[in-house]
Amino acid sequence: MRIVITGGAGFLGHKLAVEILDRDTLTDQHGAKQKVTELVIFDRAAPTVPLADDRVQVVTGDLGDPDAVKLALGGPTDTIFHLAAVVSGEAEADHELGLKVNLDGTRALLDFAGRSGRKPKFIFASSLAVYGGPRARIIDDFTTPTPKSSYGTQKLVCEFLVDDYDRRGLIDGRSLRFPTVAVRPGKANAANSSFISSVVREPVAGRATVCPVSRDVPVALISPNRLVAAVLSCHEVSSDIYGWPRAMVLPAIQVTVADFLEALEARKGPRIRDLVSFAIDPAIEPMVKGWPASVSSDRARALGIATDGGPGEFIEQYLADIGQKS
Ligand SMILES: NC(=O)c1ccc[n+]([C@@H]2O[C@H](COP(=O)([O-])OP(=O)(O)OC[C@H]3O[C@@H](n4cnc5c(N)ncnc54)[C@H](O)[C@@H]3O)[C@@H](O)[C@H]2O)c1
């Protein structure tokens, strides 16, 4: 089975690749369990942590470059996990770039996948950013998407394209609306939600950080391991069981910065709090307060997708990821 992960050098793409290699078999587009024989990491950046595995092939190139896409998808591909994207803050700051990568790039990939004639599984990393505005604080399977950002709009348009390519029998398309994933290791990225990882990652590294949002504002979160497990659960089921519409909300739990600081203190002692100060950003806080806070999905639950157990689980997972004991 040949699998392509676009954005495979990124935070979630890398985690997904590691898990796929570890599982060794996945269910193909015909419902058959197949060995993973080739895993293509397609990204404009080279992976910072290379995967030492004979099944891995790295294709470095831009989604907007048809030759690079051809190289990645040129082989007989069974599944495409499409994670490459310009993230929220960058897509808002650079409208043209967001349209080029998030919209035109996804369309090019869908065309290529459709033309292959193999009806590959196409798993699209969408986002809760497809919801916005005052009515979008409580989300379930029936909430109408009303994006309030260019990034959310681009994700929603692509969900519609995935639905339509699926309806036309060109792909087996599935769009998953990811909640914010924390804790992100390494450097902060250009996502507007990056503060929620910074308030854990920075103090754990002994560095000070300034949080732009009040400590009691709830954010809908999922941990990286749960997210990867959820993506693979959605990949593994048959098209009928996955159901319609082809976009699905992934569930999340509500966490505040105060919850994270409490969970951190329980593991690292009270002085860790001294490294987090607050300077409320009038551009960021209202935006965060407009994001979905309560997210549930009966569809996801029916597929066995579970939420994280509580704030402590995020901290434990992060400490394990960076090789620290709690
Ligand atoms: N991390 C989250 O909290 C979160 C939440 C909701 C949705 N998502 C979505 O999940 C996906 C993965 O997120 P992530 O956190 O791993 O992001 P990331 O920024 O760590 O990874 C994205 C990868 O895409 C690559 N990329 C960007 N533009 C490209 C282009 N033109 N051509 C080829 N590669 C390109 C980047 O180099 C990067 O490695 C994205 O689609 C994102 O929108 C993430």
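S.K.: Just to check I follow, could you spell out the pairing of strand E12 (residues 219-222) for this structure?
M.R.: A regular strand places its side chains on the two faces of the sheet in alternate fashion. With burial as the criterion, each face of E12 is covered, one bearing Val 219 and Leu 221 and the other bearing Ala 220 and Ile 222. Alignment of strand E10 (residues 180-181) against E12, held across two bridges, turns out to be parallel. In the sheet register, Thr 180 faces E12, and the bridge partner there is Leu 221. When E12 meets strand E14 (residues 253-255), the two strands line up antiparallel, connected through three bridges. Across the sheet, Ala 220 pairs through a bridge with Gln 254, a residue of E14.

S.K.: Got a minute to help me understand the nonpolar core in this structure?
M.R.: In summary, soluble globular proteins display a tendency toward joint burial of nonpolar side chains. The biggest cluster of nonpolar side chains holds 90 residues, and the ones touching the most others in it are Ile 5, Leu 128, Val 199, Leu 221 and Leu 250. A per-element tally of this core places helix H5 (residues 150-167) first, with six residues. Not counting the four nearest positions on each side in its chain, Val 199 is found in contact with Thr 209, Cys 211, Val 257, Phe 260, Leu 261 and Val 276.

S.K.: So what exactly am I meant to see when it comes to the site of the ligand here?
M.R.: As a matter of local geometry, the ligand sits amid 25 residues, with Gly 7, Gly 10, Leu 12, Ala 85 and Phe 178 nearest to it. Elements with a minimum of two residues in the shell around the ligand: helix H1 (11-23), helix H4 (95-115), strand E7 (121-127) and E10. Ranked by residue count, the leading element in the shell around the ligand is H1, at three residues. Of the residues belonging to the shell around the ligand, the class tally is 14 nonpolar, eight polar and three charged.

S.K.: Sorry, what's going on with the pairing of strand E9 (residues 172-178) here?
M.R.: Taken across its seven residues, E9 has seven buried, putting it largely inside the fold. Residues Asp 172, Arg 174, Leu 176 and Phe 178 line one face of E9 and the alternating positions Gly 173, Ser 175 and Arg 177 line the opposite face, and both faces are buried.

S.K.: Would you mind going over the sheet that holds E10 with me for this structure?
M.R.: Through backbone hydrogen bonds, the strands of a sheet pair up, either in parallel or in antiparallel fashion. Spatial ordering of the open sheet is given by E10-E12-E14, a layout of three strands whose pairing is mixed. The sheet is open, and its two edges are formed by E10 and E14, each paired on a single side.

S.K.: Even after reading the chapter, I still don't get the packing of helix H2 (residues 66-73) against H4, so can you show me in this structure?
M.R.: In helix packing, the relevant descriptors are the interaxial angle and the interaxial distance, both defined with respect to the helix axes. At a minimum axis separation of 11 Å, H2 and H4 run at an interaxial angle of 45°. With respect to each other, H2 and H4 are oriented oblique. Between H2 and H4 the crossing geometry is right-handed. Contact residues: H2 offers Pro 66, Val 69 and Leu 73, while H4 offers Ala 108, Leu 109, Phe 112 and Ala 113. Across the contact of H2 with H4, the residue classes break down as seven nonpolar, no polar and no charged.

S.K.: Which parts of the structure should I look at to understand the sheet that holds strand E13 (residues 247-249)?
M.R.: As summarised here, the arrangement of the seven strands in space is E5-E4-E1-E6-E7-E9-E13, forming an open sheet in which the pairing is parallel. Taken across any chain shown, the strands that pair with only one partner, and hence form the sheet edges, are strand E5 (56-60) and E13. Averaged over neighbouring strand pairs, the angle between their axes works out to 20° when direction is ignored. Packed on one face of the sheet, H1 meets strand E1 (2-6), strand E4 (38-43) and strand E6 (79-82) and runs near 175° to E4.

Cut-offs and rules
Residues numbered from 1 in each chain as written. Predicted model: local features only at pLDDT ≥ 70, side-chain atom pairs only at ≥ 80, totals over all residues. Buried ≥ 20, exposed ≤ 12 C-beta atoms within 10 Å, placed from the backbone. Helix = DSSP H or I, 4+ residues; strand = E, 2+ residues; numbered from the N terminus. Pairing = 2+ DSSP bridges. Core = buried A, V, L, I, M, F, W, Y, C linked by C-beta atoms within 7 Å. Contact = placed C-beta atoms within 7 Å. Near = placed C-beta within 6 Å. Nonpolar A, V, L, I, M, F, W, Y, C, P; charged D, E, K, R; others polar. Axes fitted to C-alpha atoms, helices over the stretch in contact; angles between N-to-C directions. Parallel < 35°, antiparallel > 145°, perpendicular 65-115°, else oblique. Left-handed = near helix turned anticlockwise from the far one by under 90°.

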